[in-house]
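So the chains spell out like this:
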There are 2 protein chains.
Amino acid sequence: MLNQDDTILKFDIPEIIYGRGSLSKIGQCASRLGGEKVLVVTDPGIIKAGWIDLCLKYLLKERLRYVVYDNVVTNPRDFQVDQGVSLYLKKNCDVIIAVGGGSSIDTAKGIAILATNHGSVHEYAGCNLVHHPIPPLICVPTTSGTGADVSQFAIFLDIREKMKLCVLSRAIMPDISLIDPELLTTLSSELIAATGMDAFTHAIEAYVSSLSWPMTDPHAIHAIKLVAQHLVNATRTKDMTALEGMAIASLEAGMAFSNAILGAVHALSHPLGGLYDLHHGLVNSVILPAVLNQNLNHAMPKYARIAQAMGLELRGMRFEEAALHAPEKVKKLIKDLELPTRLSKLGADAEDIPVLAKMAQKDICMQTNPCSYSINEIETMYKEVW
Amino acid sequence: MLNQDDTILKFDIPEIIYGRGSLSKIGQCASRLGGEKVLVVTDPGIIKAGWIDLCLKYLLKERLRYVVYDNVVTNPRDFQVDQGVSLYLKKNCDVIIAVGGGSSIDTAKGIAILATNHGSVHEYAGCNLVHHPIPPLICVPTTSGTGADVSQFAIFLDIREKMKLCVLSRAIMPDISLIDPELLTTLSSELIAATGMDAFTHAIEAYVSSLSWPMTDPHAIHAIKLVAQHLVNATRTKDMTALEGMAIASLEAGMAFSNAILGAVHALSHPLGGLYDLHHGLVNSVILPAVLNQNLNHAMPKYARIAQAMGLELRGMRFEEAALHAPEKVKKLIKDLELPTRLSKLGADAEDIPVLAKMAQKDICMQTNPCSYSINEIETMYKEVW
């Protein structure tokens, strides 16, 4: 397990531009980074919602040329990155803008890696294996969950091996994250809930991570508070205040986890997502309660603080007692969001548990969980929510 | 007055590397930014303390060549920047490392500006007037106060006009802030106290600033808490836990104020520092109580939160009542630090008040104070602590 004692810690985030209507600044951002021809990476849903038309209008206003790569799907495939980089090179682009959720952003990161480092994304799965600087990269998130716009992570699906490739590299940090909460208004309630639970999981795992520190903690705990305040309302009413709260929550959770890394929820979630091609936020949400129960004894004071951030009045309560409220409050949140709570409901097959558990134990995110787990304990956690 | 409603907000900080012994990474940082020949900017005190010898050893280890500019003094003069940039250009340097307090860092920023933008620092005083990217810049703070290592500000003394030149520009953000709390061990108790009060003032002004937002607030409030916990102990015992607390406080206060900007304390402090060449942290500390009293009615809930961060148990107290504790707690802190509380003690002459008040009203920092002040009201604040 990684530990922060005697470790040199780091905190690195992109330049952040935030506000309703801030999409109008996208052309200036690209110009400022020296761009003349933009590759816009997105998916058909975002095009349909009208955001790409608006984005292209702002690029034209700044006299920028562009090409659009819109073949992104959930859990971006390795071969889609290859398609994207071919387009980038063929059309002589010099800046990349991702407009979308985690999948568009990760695809854009993959394209950026290959544009200057060549080869295939498989070669860069692991820690700091990207050595050459990537082209200027601007991210415009359209969901409030992934945090990919402010992170050093990119996840791809190896379609042949049915497993997730996790690239964690200082070199893939975007230059600018431009967050316009107006873009959340066209998101479905289901996606607001699932991506919101992704942000929530990032915040909780970063907060209890063995690499958390005073740079990451205030953002993690504030993100937890914002999710508790706004997520249910955001899914039910799409009220702008709630959506803005979630936009900030996703941003702060992303800042925290990119620097403190994650934990057992993500370690258990990655192999499942790879094997069954499931929505990442949804899988996290199902697994979270099982991991909370197991981690509880290893991070009592922090779980007490999580319960407090979710609305528990401490009133002199002992922290061991307060900590017990954290899993309860999380379960209540998931129930209020009407999200599934069993992996079998998502189509997972219990026979795969032994294989999944082995992969989960080796996952890079397990290294920063507040405690380590045996294969047996990991299987028990899977079974608890199967 | 600037206001955040309908404003597009931003949050931009350098990459942060933190930890005891992290100075050993300085060579790798410079290499990673493409540097081969370093200009090290520092002052004679830092050389005497032995930190530059150590720094140069780490640069040699990475096979980097270097030149040292060590003619920095408190309140860096415009002509020192000219000397430094001549050296940088003559010796064909390609990266700048500042090792020191705010003066070394601001001198390094000035050198960096002129290296690629030419002319004199006078031309860049104001908002976003630096148009060409500066050379790679790494800051290694040796005080826990200034925040210059993570800010877009640089302040110079125009020696002829006896006034401060304030450069506020996106382009002067350092690339890396490398914070090694070991470097604080050679600081005098007086400097720990005075620079610590600078950090404290940054945190308070950023927190109540009209441009504060959820990205800056958690850092501002955490910095206030850390100063309340650690500053007195740091000055009295130089205990490592207290020094580490102050290193983080200075960092978080810097992150907050660089993005939320400041307020009336700095607006009143700048002209005084310019006219009498006084220590910036010390002047802030003297002025702070007067501004707190005047600002109180314009930011009651925030002052309540400041009092709480400084240790006040709210226990259902109304926020109007809690807010009143903030100025009291600050005065107690200044008393415990045994810092001067009157400007006349620093050698200021009361006849200058009308001139100072006019300059303070026009200071860029006044724009983000929670309320605006007439010349008369500014004079009253000066007189309160004269």
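Residues numbered from 1 in each chain as written. Chains lettered and ligands numbered in written order. Predicted model: local features only at pLDDT ≥ 70, side-chain atom pairs only at ≥ 80, totals over all residues. Heavy atoms only, no water.

Novice: Sorry, what's going on with the interface of chain B and chain A here?
Specialist: How big an interface is tends to be expressed through the accessible area that disappears when the partners come together. Facing 27 residues of chain B, the contacting portion of chain A comprises 28 residues. Here chain B packs against chain A, burying approximately 2200 Å² in sum over the two surfaces, 70% of which is carbon and sulfur. Here chain B and chain A share two salt bridges between them. B:Arg170 serves as the salt-bridge partner of A:Glu15, at 3.8 Å between the closest nitrogen and oxygen. Joining chain B to chain A, the criterion identifies five residue pairs in polar contact (both at pLDDT 80 or more). Those elements that provide at least two residues to the side of chain B that touches chain A are strand 1 (9-11), strand 2 (15-18), helix 7 (217-237) and helix 8 (240-260) of chain B. Taken together, the residues of the side of chain B that touches chain A break down into 15 nonpolar, five polar and seven charged. Alignment of strand 1 (residues 9-11) of chain A against strand 2 of chain B, held across three bridges, turns out to be antiparallel. Counted as the bridge partner of A:Lys10 is B:Ile17 from strand 2 of chain B. (Contact = heavy atoms within 4.5 Å. Buried area = accessible area lost by both parts, 1.4 Å probe. Salt bridge = Lys/Arg side-chain N within 4 Å of Asp/Glu carboxyl O. Polar contact = N/O pair within 3.5 Å; in protein donor to acceptor, adjacent residues only side chain to side chain. Helix = DSSP H or I, 4+ residues; strand = E, 2+ residues; numbered from the N terminus. Nonpolar A, V, L, I, M, F, W, Y, C, P; charged D, E, K, R; others polar. Pairing = 2+ DSSP bridges.)

Novice: I'm lost on the domain arrangement of chain A in this one. Help?
Specialist: Residues and elements named next belong to chain A. For chain A, the domain assignment lists domain 1 (15-183) and domain 2 (189-384). Contacts between the two partners involve 27 residues from domain 1, matched on the other side by 28 residues from domain 2. When domain 1 packs against domain 2, the two sides together hide about 2300 Å² of surface, and 65% of this comes from carbon and sulfur. On the domain 1 side of the interface with domain 2, the three residues burying the most area are Ser144, Phe153 and Lys164, jointly 24% of the side's total. Counting across the domain 1 and domain 2 interface gives one salt bridge. A salt bridge links Asp277 to Arg77, with the shortest nitrogen-to-oxygen separation between them at 2.5 Å. (Domains from an automatic or database assignment.)

Novice: What exactly am I supposed to notice about the sheet that holds strand 2 of chain B here?
Specialist: Backbone hydrogen bonds hold the strands of a sheet together, and the pairing may be parallel or antiparallel. Sheet architecture is open: seven strands sit in the order 1(A)-2(B)-10(B)-7(B)-5(B)-3(B)-4(B), paired in mixed fashion. Unpaired on one side and paired on the other, strand 1 of chain A together with strand 4 (65-69) of chain B mark the two borders of the sheet. Sheet twist, expressed as the average angle between the axes of neighbouring strands with direction ignored, equals 20°. Of the strand pairs in this sheet, strand 3 (residues 37-41) of chain B and strand 5 (residues 95-100) of chain B are connected by four bridges, and their pairing is parallel. Pairing of B:Val40 across the sheet is with B:Ile97, part of strand 5 of chain B. (Axes fitted to C-alpha atoms, helices over the stretch in contact; angles between N-to-C directions.)

Novice: I keep staring at the side chain of A:Ser269 and nothing clicks. Help me out?
Specialist: Residue and element names in this part refer to chain A. As for its position among the elements, Ser269 is in helix 9 (residues 264-276). Owing to a relative accessible area of 1%, Ser269 belongs among the buried residues under this scheme. Excluding its chain neighbours within four sequence positions, the residues that come into contact with Ser269 are His280, Val283, Asn284 and Ile287. (Buried < 20%, exposed > 50% of the residue type's maximum accessible area, 1.4 Å probe, protein only.)

Novice: It is not clear to me how the packing of aromatic side chains should be interpreted in this structure. Could you clarify?
Specialist: The description of two aromatic rings rests on the distance between their centres and on the angle between their planes. Enumeration over the complete set of coordinates arrives at six aromatic pairs over all chains. Summarising the aromatic geometry, the rings of A:Trp213 and B:Tyr18 are spaced 5.3 Å apart at their centres and angled 25° between planes, so their arrangement reads as stacked. Taken together, the residues A:Trp213 in the loop between helix 6 (189-208) and helix 7 (217-237) and B:Tyr18 in strand 2 connect one chain to another. Taken individually, A:Trp213 and B:Tyr18 each receive the classification buried, so the pair is uniform in this respect. Relative to A:Trp386, the ring of A:Tyr382 has its centre 6.1 Å away and its plane inclined at 80°; by these criteria the two rings are edge-to-face. The residues A:Tyr382 and A:Trp386 share a single accessibility class, namely buried. The ring of A:Tyr207 has A:Lys302 sitting right over it, with the charged end atom 4.6 Å from the ring centre. (Phe/Tyr/Trp six-rings, centres within 6.5 Å; stacked < 30°, edge-to-face > 60°. Lys NZ or Arg CZ within 6 Å of the ring centre and 35° of its normal.)

Novice: Teacher, can you tell me more about the packing of helix 6 of chain A against helix 10 (residues 280-295) of chain A here?
Specialist: Packed helix pairs are characterised by how far apart their axes lie and by the angle those axes make with each other. Residue and element names in this part refer to chain A. Packing of helix 6 against helix 10 brings their axes to within 7 Å, and their N-to-C directions diverge by 45°. Classed by the angle they form, the pair helix 6 and helix 10 counts as oblique. Viewed along their axes, helix 6 and helix 10 form a crossing whose handedness is left-handed. Contact with helix 6, carried on its side by Ala194, Met197, Asp198, Phe200, Thr201, His202 and Ile204, involves His280, Gly281, Leu282, Asn284, Ser285, Leu288 and Leu292 of helix 10 and no other residues of that element. Taken together, the residues of the contact of helix 6 with helix 10 break down into seven nonpolar, six polar and one charged. (Parallel < 35°, antiparallel > 145°, perpendicular 65-115°, else oblique. Left-handed = near helix turned anticlockwise from the far one by under 90°.)

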